[in-house]
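Residues per chain, in single letters:
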Amino acid sequence: MQRWIYLVPLIVVLVLGGLFWSQLGKDPHRIDSVLINQAVPPFDLPPIEGRQRGFSSADLLGQVSLVNVFGSWCIACRAEHGFLVRIKANREVPIFGIDWREKDRTAGPAWLARHGDPYTLVGDDPDSKAAIAFGVTGAPESFIVDRQGIIRYKHIGPLTPEVWTETIKPLIEKLKQS
Amino acid sequence: MITEIGHFALILALSVTVAQAVVPMVGAARGNPLWTAFAGPAALGQLLLIAVSFAALTHAYVVSDFSVLNVAANSHTDKPMLYKVSGVWGNHEGSMLLWVLILALFGGAVALFGRNLPPGLKARALSVQAMVAVGFLLFILFTSNPFERIPAEMVPINGRGLNPLLQDPGLAFHPPFLYLGYVGFSMAFSFAIAALIEGRVDAAWARWVRPWTLAAWIFLTIGIALGSWWAYYELGWGGWWYWDPVENASFMPWLAGTALLHSALVVEKRDSLKAWTVFLAIVTFGLSLLGTFLVRSGVLSSVHAFATDPARGVFILGLLLLTVAGSLALFAWRGPTMKSGGLFQPISREGSLLFNNLLMAVAAAAVLLGTLFPLIAQAFEYKASVGPPFFNMVFVPLMVPMVVAMGIGPLMSWKRADLGPALRRLWFVAAVTLGALAVTGALVGETRLMSMVGIGLAVWLAGGTLVEFAGRSRLDPHRMARMPRGAWGMTLAHLGLAIAIAGMTGAGLWKQEKVLTMQPGETARIGGFDLTLDAVRDEPGPNYAATRGIFTARRGDDVVAVLSPEKRVYTVEGRPTSEAAIHSMISGDLYAVIGDPQGDGYVVRLFWNPLVPWMWTGCLVMVVGGALSLTDRRFRIGAPKRSRLRGAARPAE
């Protein structure tokens, strides 16, 4: 057998080791969205069953909005849902929903019928078109988008009253003024 | 005081180990018998000192000595004794101490039972073993000292407890078995390096290496099965394998180790595949080290990596690179000189073993790539995650030809075989396989391709294995009794895999799941069973408060089981865990989880997990097969005088 073949494993290990070395100390949990301060990528989602209008990127222009990614399959979304309904009741900010990866077209609408519907517009996103555009890593995730349609903030996981009052609400007020 | 003795013993162990790494290696190179013979006593001394150190830490846990930082951070007086003891290795520092203890145990075992080993090989292997130990001892003493004290005025009244998820018998014994497996492969590694230094690999070498590898493989199989079982019943998601980095970390050495077991067989029987076997030995241990590294360093995010600290990561990565790159450099230098004796045709027992070896190595490489991909992508400023779809897509197609070949391989003769006679003996098995598929399709109503592939493979493998067994034993009890245990071992291990494949197919593809809100008195239907939520009660436990749901499962009018899942909140940590209730039957598991209150009812998750018990049974059968094979008389090391003579006189065989 050729002698150089015996060198291949060593080279592979050295390359991998170098990669490891360069990555040590970086927090793998921190996910910087590359989309912060970028315009929302264009998308156009069809409506969910029982609604007339879908949800497209053009709907985000002209007002500060909250975009929320949810799914009827997502247990954490249910935990968050009551809070969204409350935000809607207080008329704090319009909420746009992306109903993500439903296996069944009726699952999302049934879920909203049961738990309340806080969304101004909802788009059906069974194959992650908008979710990929937003760089969604899981559900629930929420985004604050300003009047010009630029993403200003990303929240991973369920929204809580603490995050809302401490971070998101002040940001919305600031964006509304500017 | 006892704690300080433990710390001191560990420092002494380091100095003994350094001597063990240097003296025998030099002695073997210079032909100095006294220096060479130093390896054995040094290994025993190292074992004794590390055992003292480990005992001291255990003592601190048992008496709840909270002046020791490690105990204060991980234990609590209210904890049951079992979990006080398992708390010793339920944390980073203690688990590293367990790691070196097991390393020393294997070294000590070689020193004690390896009397028929050629002195040079034994000295070099123990020296290599000691080099690994030095690295880990330095790591413990400099970055993860379990004996660190808390200043007297700051000693807490009680400890901070152990992660409640880990307070579970399945997990209490999961790390020790996993480590016995990981570290056990260090023996194959040390022998491989010793062989590279000596420039000789022969049948005798393989005969010494195989039992150690087999023992490590058995432990690792148990460890992985325990871990999977724990995830299945404790995490409450009804799943048993997530292709999580930590799981992959234990699975990669298993794949490589399984390949190693089989290629060492070829070295032993046919004096072939030598360089490949040495390479596999290095890779297997390298992957074991990588497993330790992945869990301990935090370079990859994972559901259950509970110790993350970059400073330690740098140390372990340095150690890993030094060990693996160093030994692969030695391999690149000396490997080409390994001359293979036995030639063979592609269609032969060796050929089929090599075929499966390659598939297993590629599978291990694929899992490695998938596990490290996020890291590689991140290095190029690109975020990516690789999920179960990738692993299933890559892994399953590799396993299909492997299992097909596993059915045929044992029927082929060594050196050169005809596929024809082997296949003629298998037409019956092929017919049975088709029959089983028809039954699955018609009666169970399963016609999806993957179900067919899974069930087909399981039946094919079981059938091929039984045909081989029938041919060898001619179904004559006297012949069976005289069959070598190694042959029994192979039959059982392969049958175990067949059973496990059936289980994985059922559990993976036929699972039913329902998430719903149930009020007491309501009934839900799943997997042909009716589950009624009779009541929900609050119950206090020893160190937690529990909400317990009581379900009655009925099939028609017959009560099948009462399931009582719990949601627990551990009072010290304030962390909730869910205790799934599982009722196991041959056909599958009924699995219930109770969640938070919702309106007047509770969120419950119900699962029907078909054939899950088959997976655990399959693993158990594999382990029994391995253990039987381990007791084969060829491996009874050091017992008969005859073999000592043979070992010394004609090691080349």
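Engineer: What's the story with the overall build of chain A in this structure? I'm lost.
Structural biologist: Helix and strand counts for chain A stand at five helices and seven strands. Taken from the N to the C terminus, the helices and strands of chain A come in the order α-β-β-β-α-β-α-β-α-β-β-α. Taking 16 Å as the expected radius of gyration for a compact globule of 178 residues, we find that chain A reaches 21 Å, considerably beyond that expectation. Oriented by its inertia axes, the alpha-carbon framework of chain A measures out at about 70 × 40 × 30 Å. Within the span of chain A, comprising 178 residues, buried residues form 34% of the whole. Partitioning the intrachain contacts of chain A with sequence separation of at least 6 by distance along the chain shows that 74% fall at a separation of at least 24.

Engineer: Explain the domain arrangement of chain B here, please?
Structural biologist: By a frequent convention, interface size equals the accessible area lost on bringing the separate parts together. Residues and elements named next belong to chain B. With domains assigned, chain B is organised as domain 1 (1–166), domain 2 (168–405), domain 3 (418–505 + 614–622) and domain 4 (512–610). A separation of 26 Å is found between the C-alpha centroids of domain 2 and domain 3. Counting residues at the interface gives eight residues for domain 2 and 10 residues for domain 3. For the side of domain 2 that touches domain 3, the elements supplying multiple residues, two or more each, are helix H10 (203–234) and helix H15 (388–408). By residue class, the composition of the side of domain 2 that touches domain 3 is seven nonpolar, one polar and no charged.

Engineer: Looking at this model, I keep getting lost on the packing of helix H1 (residues 2–30) of chain B against helix H7 (residues 119–143) of chain B. Mind explaining?
Structural biologist: Angle between the axes and distance between the axes are the two parameters that describe a pair of packed helices. All names here are of chain B. Between H1 and H7, the least distance of the axes is 8 Å, while the angle of their chain directions is 150 degrees. What the angle tells us is that H1 and H7 run roughly antiparallel. In this structure, H1 meets H7 at a crossing whose hand is left-handed. Residues Leu 10, Ile 11, Ala 13, Leu 14, Thr 17, Val 18, Gln 20, Ala 21, Pro 24, Met 25, Gly 27 and Ala 28 of H1 form the contact with H7, whose participating residues are Gly 120, Ala 123, Arg 124, Leu 126, Ser 127, Ala 130, Met 131, Ala 133, Val 134, Leu 137, Ile 140 and Leu 141. Residue classes in the contact of H1 with H7 are distributed as 18 nonpolar, five polar and one charged.

What counts, and at which threshold
Residues numbered from 1 in each chain as written. Chains lettered and ligands numbered in written order. Predicted model: local features only at pLDDT ≥ 70, side-chain atom pairs only at ≥ 80, totals over all residues. Helix = DSSP H or I, 4+ residues; strand = E, 2+ residues; numbered from the N terminus. Rg over C-alpha atoms; globule rule 2.2 N^0.38 Å. Buried ≥ 20, exposed ≤ 12 C-beta atoms within 10 Å, placed from the backbone. Contact = placed C-beta atoms within 7 Å. Domains from an automatic or database assignment. Nonpolar A, V, L, I, M, F, W, Y, C, P; charged D, E, K, R; others polar. Axes fitted to C-alpha atoms, helices over the stretch in contact; angles between N-to-C directions. Parallel < 35°, antiparallel > 145°, perpendicular 65-115°, else oblique. Left-handed = near helix turned anticlockwise from the far one by under 90°.

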